[in-house]
Amino acid sequence: RAVAEADVVAAEERGRRFDLGRPPLLRLVLVRLAAQRFRLILTKHHIVLDGWSVPLLLGELFALYVNGGDSAGLPRVKPYREYLRWLAGQDRQAAKAVWQEALSGVEPTLIAGAVVGQSGVLPRRVPLTLSRELTAAVQRLARANELTVNTVVQGVWGLLLARLTGRQDVVFGAVVSGRSPEIAGVERMLGLFINTVPVRVRYTMRDTVRTILARVQREQLHLQPYHYLGLPEIQSTTATGNLFDTVTVFENYPV
């Protein structure tokens, strides 16, 4: 019963909307399940923390708990303003030029169709677990061709979109960490760094899958230094409006 009641509390917390004009934008609720058993429910607005930040925050929270609230042993805080200072110093016009070249001639890839008058809804999950054999095969394919598993996932998604649309030049979104290695200590910083950027997959009938995957990785590496540019600014370089309605998210957080 206690677990079911905690689930109800979690659902209520999830349904409580944040007001950006009224702090806090992060809530913690501790639910007692038994005499020595509790559940901690953390609810946050995405503008405060991205996925990478959550295990960092929880690590510090658990360290405080173990040490009785003593923060002396915690690592020195790297302030988010260091990232904002770095961001303000970037050449946005040069970044726009790079994205404009990368997306030259692209047409939107929209497969969901227009929905008029629909209000926001909570996301639904449709879990699919890959077998160990398929997972190992994907890892071997990536390793043998000096690719990341993320590249394989993006390439496969692009090829699926190509088949669904009957095109050989498609685009979709990908969520990137936004944590530039130019910023010292960025891997320990808390805040919102992620961005969604376009991924373009194009090919001819003469291309092999390996050729396509290698091209995807090469083009994404070229664009990586410009991942900081916001999606509205990137899309403004194409004069086509919304470029895509599907997004891939490859999560690989430090835990």
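What comes next concerns the included structure. (Residues numbered from 1 in each chain as written. Predicted model: local features only at pLDDT ≥ 70, side-chain atom pairs only at ≥ 80, totals over all residues. Heavy atoms only, no water.)

1. A few points about the pairing of strand β1 (residues 26-34)
Side-chain positions along a regular strand alternate between the two faces of the sheet. Pairing of β1 with strand β2 (residues 37-44) involves eight bridges; the strand directions are antiparallel. What sits directly across from V29, in β2, is I41. Taken together, β1 and the strand that follows it, β2, pair antiparallel across an intervening segment of two residues. (Pairing = 2+ DSSP bridges. Helix = DSSP H or I, 4+ residues; strand = E, 2+ residues; numbered from the N terminus.)

2. Observations regarding the pattern of salt bridges
Inspection of every chain in the model, using the stated rule, returns nine salt bridges. Measuring nitrogen to oxygen at the nearest pair gives 2.8 Å for the salt bridge that ties E13 to R27. With E13 in helix α1 (residues 2-15) and R27 in strand β1, this pair connects stretches of sequence that are 14 residues apart. Judged on exposure class, the residue E13 and its partner R27 are both buried. Its salt-bridge partner being E219, residue R202 comes within 3.6 Å of it at the nearest N-O pair. Placement of R202 in strand β4 (residues 195-202) and of E219 in helix α7 (residues 209-223) is noted, with a sequence separation of 17 residues between them. Since its relative accessible area comes to 30%, R202 is described here as partly exposed. Taking relative accessible area as the criterion, E219 reaches 21% and is therefore assigned partly exposed. (Salt bridge = Lys/Arg side-chain N within 4 Å of Asp/Glu carboxyl O. Buried < 20%, exposed > 50% of the residue type's maximum accessible area, 1.4 Å probe, protein only.)

3. Regarding the packing of aromatic side chains
In the structure shown here, the tally under the stated rule is five aromatic pairs. Ring plane angle 25° and centroid distance 6.2 Å describe the contact between Y83 and W86, whose orientation is recorded as stacked. With Y83 and W86 both in helix α3 (residues 81-88) and three residues apart, this pair spans about one turn of that helix. According to the relative accessible area criterion, Y83 is buried, its value standing at 6%. (Phe/Tyr/Trp six-rings, centres within 6.5 Å; stacked < 30°, edge-to-face > 60°.)

4. Some thoughts on a nonpolar patch on the surface
A surface patch of nonpolar side chains, amounting to about 380 Å² of accessible area, comprises L28, L30, F38 and L40. Among the secondary structure elements, those contributing two or more residues to the nonpolar patch are β1 and β2. Positionally, L30 belongs in strand β1. By relative accessible area, which is 57% here, L30 ends up exposed. (Patch = residues over 30% accessible without salt bridge, like charges linked within 9 Å, V, L, I, M, F, W, Y side chains within 5 Å. Areas by Shrake-Rupley, 256 points an atom, 1.4 Å probe, with all protein chains shown as cover.)

5. Side note on α3
The periodicity of an α-helix, 3.6 residues per turn, causes residues three or four places apart in sequence to face the same way. Every buried residue of α3 is listed here: Y83, W86 and L87. For α3, the buried positions fall inside an angular range of 100° around the axis, keeping them on one side. Along α3, exposed side chains directed more than 90 degrees from the buried face belong to R81 and A88. As for α3, its buried residues are in contact with α4 (92-102). (Arc of directions from axis to C-beta. Contact = heavy atoms within 4.5 Å.)

6. Considering the nonpolar core
Among the nonpolar cores identified, the biggest contains 23 residues, and Y83 and W99 are the most heavily contacted of them. A per-element tally of this core places α4 first, with four residues. Not counting the four nearest positions on each side in its chain, W99 is found in contact with V197, P198, L223, Y226, H227, L229, I234 and T237. Within the second largest apolar cluster, 10 residues are counted, among which are A162, V201, I212 and V216. (Core = buried A, V, L, I, M, F, W, Y, C linked by side-chain atoms within 4.5 Å.)

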